[in-house]
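# Structure assessment
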Amino acid sequence: MTACPRGSITYNGTLCACPPGFLLNSTTNSCSLFTGSSVILTDIGLANTVSFPETIFAFDSIKKFTQSQAVFLEATLVMLLSWLVFCFCLRFMKFGNGRNVWFQIRWWISRLDVCFSTRHWLDDQKAVVKRKTELGGTFSIASWILFIGLFAALLYQIISKRTIEVHNVRATSSSDLDSFLNDMEFNLTTISSMSCSNLHGLGTVVTGSPGFADQRVANLTELVSYTCRNTSTGPTLNFKCNNCRFSKDYMYISWQFVDLPNSPASAVGFEFNLTTRNHDDRRHFSLVSGTLKNGSNFDNKPITFRGRTSNVLKFNLFPRIYHNLHDLKLLQPLFHEFTPGSSFSDTRQLQASLATSNDGLINTTLYVNYLSAYLVEVEKQNIMGPVSFLADLGGLYCFSIGIFFYLLVQCEYRIKKLRHEDRTMRNIRKRIKAQEHWAKLRKYVGYTWGCNTLDDHLRTDSNSRCLPTPSLLGNGSLHVSRSSRKRASRSRTDAIQLNRKVNTPSEKHAVEGQIDTQGAKSSIAGFASNTGGKVSDSKGEHVVEVELVSSPNNKTQHSIDVHNEEISQSQLHIPNDDSVVPLPPLPKMKPGSEAEISDIQKNLMDLYNYNIILREKLVATQSLLHDLASKSSLSVSDNQT
């Protein structure tokens, strides 16, 4: 003899059973209260036809995360308030020099003024100009946040209530009923500690109205196939019917569970699942399922079903035609009623029933009513067309823009500082751009013409890097532009000294000049390097000595000495008035006689002396011009500094 489970009751002295509403748990070997809820669930699984929006976007999955429009509206309100508070706090930040991060953020907020850039405060009789202000950028983004949030709520409404289902009931005919071919499956579990060994009396089906002439009794296997299997919650009966065609309105299937040794016939509830599918396309189905543990909706006391009075489960079958699914014909099962049979809620009464063999069974009847008199036609109508959708969308946009346009007008009307607040930011922006362009220009000038062309304070600037300007030509010589040579001549001085010695010891005339041009220096230095520092004429009488002298400021000076042994002091006389240029000497010829060689030589010498005077005049004038140019450049640089 085994011990009774915990919480059980005894009957007939040695047998054990669970109290009313309790179920034996074989794992823990104890009686536990059955707490299943009496909920009936009806579902229709209709595979929709191919639809572009529903194929691309999983609307049903979206609805699981967004249960109502309040979610979208609350999220929109939070984002809107956060943006306005952020912009309000940002206005207390200073512009500074226009290079800090706060100015950059406020500048880009003003660039976001896309809705009100032409609707700001304007004076009378002024042309409409496009202005972007920080306040306009704030309200533009705020209006778009509100519009997007309301648009999301509108989409949710369209998704959840885009269509309505219209049912039309009409009388059926025999041809309509014959066209309904469905596959049905019914599972009924008796929640108890029994097994399929307790099953008894299953095998017949009654069709027609009970007590009338159309009542018929037939073998159950002629209508459906059935099986019984043991589960953890009790024996489960399975009824299947493929390609079913019903000819009667009423069907009754009954069975019993009887007492066995150490396994009394008792149950605490019933669990069912009835499914119908279209025979041609099994994607479409309809089902009803639920759990029954008490027949009263007002009294939820735990009970145990046992006795001769039958427990009746009533179901109705509605024939439906879905015109929106290519005239799909499907039977819709609905749970109608549960009529409980013999049951006990008191422990003593249950013990007395367990001790009596007359109550040792559970009668169960499945009642199916085929509502063949009427046919339900189902159609879906779209309540949201493209015109109404666009109208709603335009209304939301106008509302979002209008409310913030009103706030913008009120702010600019009451606060005069906000009417032209874009000027300050634009002026700072222009000043920054001008500084950047001027820095680029200094770099370009320093690279192209050298650092000497810049002012002293720009030359010492770390941002302006000075690079060598000349570029190599094809012949290897250095090429300098005319303007660079002119500017370089102002900062460099190359002295050329000319000393002439005449053959008269008592008379001596010396002329010194300075030439600061880069071309003269290059030509003299290059020519002198080829002749070893000396230059002479064709006769070798005039010798020019070129001497390269290094100055302290790393600039090269060229000294040239010209020696002439046959020029007298009188022949080299230069008038005191520098502006007077003497006339060329006239040839001296003796009339009436042939010219002598001595006269010709004397005339040639006069021409030669005249050329020397012109050359000295040219050198003096050139030196004077260079001195004037140097003084003018120095005065210009002083004025700039």
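Residues numbered from 1 in each chain as written. Predicted model: local features only at pLDDT ≥ 70, side-chain atom pairs only at ≥ 80, totals over all residues. Heavy atoms only, no water.

## Some details on the sheet that holds strand E12 (residues 234-244)
Across the sheet, 6 strands lie side by side as E5-E15-E14-E7-E12-E11; this open sheet has antiparallel pairing. The open sheet is flanked by strand E5 (40-45) and strand E11 (225-231), the only strands paired with a single partner. Taking the axes of each pair of neighbouring strands and ignoring which way they run, one obtains an average angle of 10 degrees across the sheet. Here strand E7 (residues 182-191) runs beside E12; their pairing, made up of 7 bridges, is antiparallel. Across the sheet, residue Glu-185 finds its bridge partner in E12, namely Lys-240. (Pairing = 2+ DSSP bridges. Helix = DSSP H or I, 4+ residues; strand = E, 2+ residues; numbered from the N terminus. Axes fitted to C-alpha atoms, helices over the stretch in contact; angles between N-to-C directions.)

## What to know about the packing of aromatic side chains
One pass over the full model with this rule turns up 23 aromatic pairs. Ring plane angle 65 degrees and centroid distance 6.1 Å describe the contact between Trp-144 and Tyr-397, whose orientation is recorded as edge-to-face. Of this pair, Trp-144 sits in helix H5 (residues 134-160) while Tyr-397 sits in helix H8 (residues 386-414), placing them 253 residues apart in sequence. Accessibility expressed as a relative area gives 35% for Trp-144, which makes it partly exposed. An aromatic cluster is defined as three or more aromatic residues linked by ring pairs; in this entry it consists of Phe-186, Tyr-226, Phe-239, Trp-255, Phe-272, Phe-315 and Phe-335. Sitting over the face of the ring of Phe-180, Lys-329 holds its NZ or CZ atom 6.0 Å from the ring centroid. (Phe/Tyr/Trp six-rings, centres within 6.5 Å; stacked < 30°, edge-to-face > 60°. Buried < 20%, exposed > 50% of the residue type's maximum accessible area, 1.4 Å probe, protein only. Lys NZ or Arg CZ within 6 Å of the ring centre and 35° of its normal.)

## A closer look at the nonpolar core
In terms of nonpolar packing, the biggest core is built from 40 residues, with Phe-239, Trp-255, Phe-272 and Phe-315 touching the most fellow members. Broken down by secondary-structure element, the contributors of at least two residues to this core are E7, E12, strand E13 (250-258), strand E14 (269-278), strand E15 (285-292), strand E17 (307-322), strand E18 (328-339) and strand E20 (361-370). Once you skip the residues sitting within four places of it in the chain, Phe-272 turns out to touch Ile-40, Phe-186, Asn-187, Leu-188, Val-288, Ser-289, Gly-290, Thr-291, Leu-292, Leu-313, Phe-315 and Phe-335. By size, the runner-up hydrophobic cluster in this structure holds 22 residues, among which are Leu-90, Ile-109, Leu-396 and Ile-401. (Core = buried A, V, L, I, M, F, W, Y, C linked by side-chain atoms within 4.5 Å. Contact = heavy atoms within 4.5 Å.)

## With respect to the packing of H5 against H8
Relative to each other, H5 and H8 sit at 155 degrees, their axes nearing to 9 Å. Comparing the axis directions of H5 and H8 gives the class roughly antiparallel. Along this stretch, H5 crosses H8, giving a crossing that reads as right-handed. (Parallel < 35°, antiparallel > 145°, perpendicular 65-115°, else oblique. Left-handed = near helix turned anticlockwise from the far one by under 90°.)

## A short note on the pairing of E11
In the sheet, E11 pairs with E12 via 7 bridges, with the strands oriented antiparallel. Paired with Tyr-226 across the strands is Phe-239, a residue of E12. Between the end of E11 and the start of E12, which pair antiparallel, lie 2 residues.

## Quick notes on the environment of Cys-228
Tracing the chain through its elements places Cys-228 in strand E11. Taking C-alpha positions, Cys-228 is 6.2 Å from Asn-238, a pair spaced 10 residues apart along the chain. Aside from chain neighbours lying at most four places away, what touches Cys-228 is Cys-196, Leu-199, Pro-235, Thr-236 and Leu-237.

## As for the state of the cysteines
Enumeration over the complete set of coordinates arrives at 4 disulfides. Between the sulfur of Cys-196 and that of Cys-228 lies a disulfide, 2.1 Å long from S to S. Negative torsions about the S-S bond denote left-handed disulfides, and the value of about -95 degrees found for Cys-196 with Cys-228 makes this one left-handed. Placement of the pair is Cys-196 in the loop between E7 and strand E8 (199-200) and Cys-228 in strand E11, with a sequence separation of 32 residues. A disulfide-free cysteine, Cys-87 has its sulfur positioned 9.5 Å from the sulfur of Cys-89, the nearest such atom. (Disulfide = S-S within 2.5 Å.)

Function cannot be inferred from these measures alone, as they are strictly geometric.
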